[in-house]
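The lines below spell out each chain.
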Amino acid sequence: MFFDAPFGVRRRFSSFATQTYLSIACYQYGEFAGDASALVMADNCVRSLIALQGPQGEWPWFFDAQIGRVLDFYEVYSVHQYGMAPALLEWAERFGQRGAREALVKGFNWALGHNQLGRTMLVPELSLTIRSQVRRGELTTKAPRILRAVRNAWTGSQARLIDSADVEVRLECRSYELGWILWSFGRRTDLPELTHNCAFGDA
């Protein structure tokens, strides 16, 4: 997996966003420059991500990049599910990465309600999405999240999903999130079960 920083304490801890941006960059550069090593780096990262995807398609938020394991699943962000992961996995599909399409569909369906809370993360009447599912009590603080990640890294523990009774939603939507879904699916016609899902109304 890709590191968040070249050195220092932060180097070991890496986010899902880091994996997405750098893997897409490697795919694009590898294709443009004909650099097979860049494609291999991207493929290796995608393979690790797919192996760590949650049982209902959740893309974990925080990783131990040094070992390649989940330090914390939460928050589970909707934009990762319907936008960022599909953008990456489309590249992976193009280069023949096994399981990429299945992981894309499973992750997207999380946003359509196949998740811990059994609720859609879309608000079609407002043309918005619900930002994330988060541990109860952590809407306004990152401290427990940071401490949990450090503890799991130190003890070698593999993070797991918690009981759904201890999960709530963050009622927020940022403009870039809707841009991701358009970028990821604007030209795709091969996934009508997603792009023309009844959740999108007249799509």
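Data block above holds the structure.
Throughout this description, residue numbers start from 1 for each chain and increase along the sequence as written. The model is predicted, so local features are restricted to residues of pLDDT at least 70 and side-chain atom pairs to those at 80 or more, both for listing and for counting; the totals for chains, interfaces and linings are taken over all residues. The basis for every side-chain value is the complete set of non-hydrogen atoms in the structure, without hydrogens or water.

## Observations regarding the overall build of the protein
Note on conventions: DSSP H or I runs of at least 4 residues are helices, E runs of at least 2 residues are strands, and numbering of each starts at the N terminus. When helices and strands are tallied, the protein shows seven helices and eight strands. Within these notes, the globule rule equals 2.2 Å times the number of residues to the 0.38 power, and the radius of gyration is based on C-alpha atoms. Its C-alpha atoms give the protein a radius of gyration of 17 Å, near enough to 17 Å, the size a compact globule of 203 residues would have. For the protein, buried positions account for 50% of its 203 residues. The Shrake-Rupley method, run with a 1.4 Å probe, gives the accessible areas here. Residue values count only the displayed protein chains as cover. Working note: accessible area of the protein is about 10,200 Å², and carbon and sulfur atoms make up 57% of it. Classification of residues uses two cut-offs on accessible area relative to the type maximum, computed with a 1.4 Å probe and protein chains only: under 20% is buried, over 50% is exposed, and between them is partly exposed.

## Considerations on helix α6 (residues 175-185)
Within the sequence span of α6, burial applies to E177, W180, I181, S184 and F185. Buried residues in α6, looked at end-on, bunch into an arc of 100°, giving them a common side. Those residues of α6 that are exposed and angled more than 90 degrees off the buried face are S175, L182 and W183. Residue contacts are counted whenever heavy atoms from the two residues lie within 4.5 Å of one another. Its buried side turned inward, α6 meets α1 (16-33), α3 (78-94), α4 (100-111), β6 (128-129) and α7 (192-195). Taken from the helix axis, the directions to the C-beta atoms give the arc we talk about.

## Describing the packing of aromatic side chains
Pairing of aromatic rings covers Phe, Tyr and Trp, the last counted by its six-membered ring, and requires centre-to-centre distances within 6.5 Å; plane angles under 30 degrees mean stacked, over 60 mean edge-to-face, and any other angle means tilted. Per the counting criterion, the structure on display carries 11 aromatic pairs. Look at F16 and W59: their rings are 5.6 Å apart centre to centre, the planes differ by 35°, and that puts the pair in the tilted class. Note that F16 is positioned in helix α1 and W59 in the loop between α2 (36-52) and β2 (62-64), a separation of 43 residues in sequence. Judged by relative accessible area, which is 2%, W59 ranks as buried.

## Focus on the nonpolar core
In summary, soluble globular proteins display a tendency toward joint burial of nonpolar side chains. F16, Y27 and L89 are the most contacted members of the largest nonpolar core, which has 55 residues in total. Of the residues forming this core, the biggest block, nine residues, is contributed by α3. Excluding residues within four positions of it along the chain, Y27 makes contact with L39, A42, D43, V46, L88, W91, A92, F95 and Q97. Grouping buried Ala, Val, Leu, Ile, Met, Phe, Trp, Tyr and Cys residues that are joined through side-chain atoms within 4.5 Å yields what is termed a nonpolar core.

## Some words on the state of the cysteines
The definition used for a disulfide is geometric: two cysteine sulfur atoms within 2.5 Å. Evaluated as defined, the whole model comprises zero disulfides. In this structure C26 is not part of a disulfide, and its nearest cysteine sulfur, from C45, lies 8.4 Å away. According to the relative accessible area criterion, C26 is buried, its value standing at 12%.

## Examining the sheet that holds β2
For two strands to pair, DSSP has to find at least two bridges joining them. Reading across from one edge, β1-β2-β3 is the order of the three strands in this open sheet, with antiparallel pairing throughout. This sheet does not close on itself; its edge strands, each paired only once, are β1 (13-15) and β3 (69-72). For this sheet the average axis-to-axis angle between neighbouring strands, irrespective of direction, equals 45°. Of the strand pairs in this sheet, β2 and β3 are connected by three bridges, and their pairing is antiparallel. Residue pairing for β3: F62 is matched across the bridge by D72. Helix-sheet contacts for α1 involve β1 and β2, and the interaxial angle to β1 is about 70°. Lines are fitted to the C-alpha atoms to define the axes, a helix being fitted only along its stretch in contact, and any angle between axes, read from their N-to-C directions, falls within 0 to 180 degrees.

## Overview of the side chain of Q97
Considering the arrangement of structural elements, one finds Q97 in the loop between α3 and α4. Contact partners of Q97, with chain neighbours within four places excluded, come to Y27, D43, V46, R47, I50 and A92.

## Re the environment of G137
As for its position among the elements, G137 is in the loop between β7 (132-135) and α5 (143-155). Assessed through its relative accessible area of 57%, G137 is described here as exposed. Between the C-alpha atom of G137 and that of G113, which follows or precedes it by 24 residues, the distance is 22 Å.

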